[in-house]
Amino acid sequence: MNRLTILYDATCALCVRCRDFLAQSHAYLPLELLASQAPAARERYGEVPWLGEELVVASDDGDVWIGPAAFLVCLWALRDYREWSFRLSGDVFAPLAERFFVALSSNRRSIARFFGPVRCEDGACEIPHAPRRMYR
Amino acid sequence: METDASSFLVPVYVAYAAIAVPLTIGLARTLFKHGAVFLEDVFDGKPKLADAVNRLLVVGFYLLNLGYAALIMKAEGGRSVVEAVEVLAWKLGALLLSLGVVHFFNLYVFYRIRRRTQIALLPPPIAPQMRIPPREYASAFPAP
């Protein structure tokens, strides 16, 4: 595995914040941050059933993680949080972590409102004052 | 027979020093010898760095232990043989317990250092839910 493609929901402000967090974190392997609404995502990962509804992470050799597992793989990819990915997937925390990630994912739009105003136009959210980056 | 109140304190101090200093040296040598195995595994291919880290850790261990041993040396009492033995036992007990704490902390540091290098090689904690055919991408994706 040489790189991960992270397919996030660009119409959700929380997801866009998380994307920015991922983009500026140190990762063990290159991360490609791709909006799941983007044509490239539909073209390359169209056969993944939950694309756009759940977080999807795909590796360059064809492994795909969906939902809570995809959150854990995101943690696994980061230098500072790899240990947490093992902790949260262990016997003790796995049920709790799964419920947490499911809750986070299904309430993402209402959670985003706690973090202040965002503009979500043309199917893509923008965080005010966030540095502008280019994502494919 | 001396009636000086602290007549037994000098033997207590001598015995304390005679036990504390060799004990610290022995522990430091053990740490140096067996810590080297850990650190060689951690700093794979950099034996000089492993040796340097090991030596620095041992120097810290010496400073901490000898300094602490010297600090807690001052004793009260020692008017009788029994009291002197009690004082000596209490001092040595305190020293050994604190050496034990330092030692386990040291082991924990070694463990953390080793864990950090091991964890970088581990595969994802969860098996993928589905597989799609891997594909070649024409262009390298832009760095985020």
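Everything numeric here is computed off the predicted structure, so don't read it as measured data. (Residues numbered from 1 in each chain as written. Chains lettered and ligands numbered in written order. Predicted model: local features only at pLDDT ≥ 70, side-chain atom pairs only at ≥ 80, totals over all residues. Heavy atoms only, no water.)

## Some points on the overall build of chain A
Spelled out, the test is: Every helix listed is a DSSP run of H or I at least four residues long, and every strand listed is a run of E at least two residues long, numbered separately from the N terminus. Note on classification: 1.4 Å probe, protein chains only; a residue is buried when its accessible area is under 20% of the maximum for its type, exposed when over 50%, partly exposed between these limits. Residue contacts follow a heavy-atom distance rule, with two residues in contact if any of their heavy atoms lie within 4.5 Å. To measure how exposed things are, a 1.4 Å probe is used in the Shrake-Rupley method; for residues, cover is taken only from the protein chains shown.
The number of helices and strands found in chain A is six helices and six strands. Starting at the N terminus and walking to the C terminus, you meet the elements of chain A as β-α-β-α-β-β-α-α-α-α-β-β. Relative to its 136 residues, chain A shows a buried fraction of 48%. In chain A, the share of contacts with a sequence separation of at least 24, taken over all contacts with a separation of at least 6, comes to 66%. Entry remark: accessible area of chain A is about 7,100 Å², with carbon and sulfur atoms responsible for 57%.

## Concerning the packing of aromatic side chains
Residues and elements named next belong to chain A. As a reminder, the rule being used: Centres within 6.5 Å are what make two rings of Phe, Tyr or Trp a pair, Trp counting through its six-membered ring; a difference in plane orientation under 30 degrees is then read as stacked, over 60 as edge-to-face, and the rest as tilted. Each ring is checked for a lysine NZ or an arginine CZ that lies within 6 Å of its centre and within 35 degrees of its normal; such an atom marks a charge sitting over the ring.
In total, this model carries five aromatic pairs over all chains according to the counting rule given. Aromatic rings pair up to connect Phe71, Phe100 and Phe101 into one cluster. For the cation-ring pair, arginine 82 lies above tyrosine 28, with the distance from its terminal atom to the ring centre recorded as 3.8 Å. Against the face of tryptophan 84 rests arginine 87, its NZ or CZ located 4.4 Å from the ring centre.

## Some details on the sheet that holds strand E1 (residues 4-8) of chain A
Stated precisely, the cut-off is as follows: Pairs of strands are assigned from DSSP output, requiring at least two bridges between the strands. Each axis is a line fitted through C-alpha atoms, taken for helices only over the stretch in contact, and angles between the N-to-C directions span 0 to 180 degrees.
The strand order across the open sheet formed by five strands is E2(A)-E1(A)-E3(A)-E4(A)-E1(B), and the pairing between neighbours is mixed. Unpaired on one side and paired on the other, strand E2 (31-35) of chain A together with strand E1 (130-131) of chain B mark the two borders of the sheet. As defined by bridge partners, strand E3 (residues 56-59) of chain A adjoins strand E4 (residues 63-66) of chain A across three bridges and the pair is classed as antiparallel. When the bridges of E4 of chain A are listed, alanine 58 of chain A appears paired with valine 64 of chain A. Across the sheet, helix H1 (residues 13-24) of chain A touches E1 and E2 of chain A, and the angle it forms with E2 of chain A is around 160°. Relative to E4 of chain A, helix H3 (residues 68-77) of chain A is tilted by about 115°, and along the sheet it contacts E1, E2, E3 and E4 of chain A.

## A short note on the state of the cysteines
Residue and element names in this part refer to chain A. Heads up, the rule is: Cysteine sulfur pairs qualify as disulfides if the two atoms are within 2.5 Å.
Throughout the structure, instances matching the rule amount to one disulfide over all chains. The partner cysteine of cysteine 12 in its disulfide is cysteine 15, sulfur to sulfur 2.3 Å. Sign of the S-S torsion, about 85° for the bond between cysteine 12 and cysteine 15, identifies this disulfide as right-handed. Residue cysteine 15 is classed as buried on the basis of its relative accessible area, which comes to 15%. With no disulfide of its own, cysteine 18 lies closest to cysteine 15 among cysteine sulfurs, the gap being 6.5 Å. Accessibility expressed as a relative area gives 39% for cysteine 18, which makes it partly exposed. Cysteine 18 provides the cysteine sulfur closest to cysteine 74, a residue in no disulfide bond, and the two sulfurs are 8.8 Å apart.

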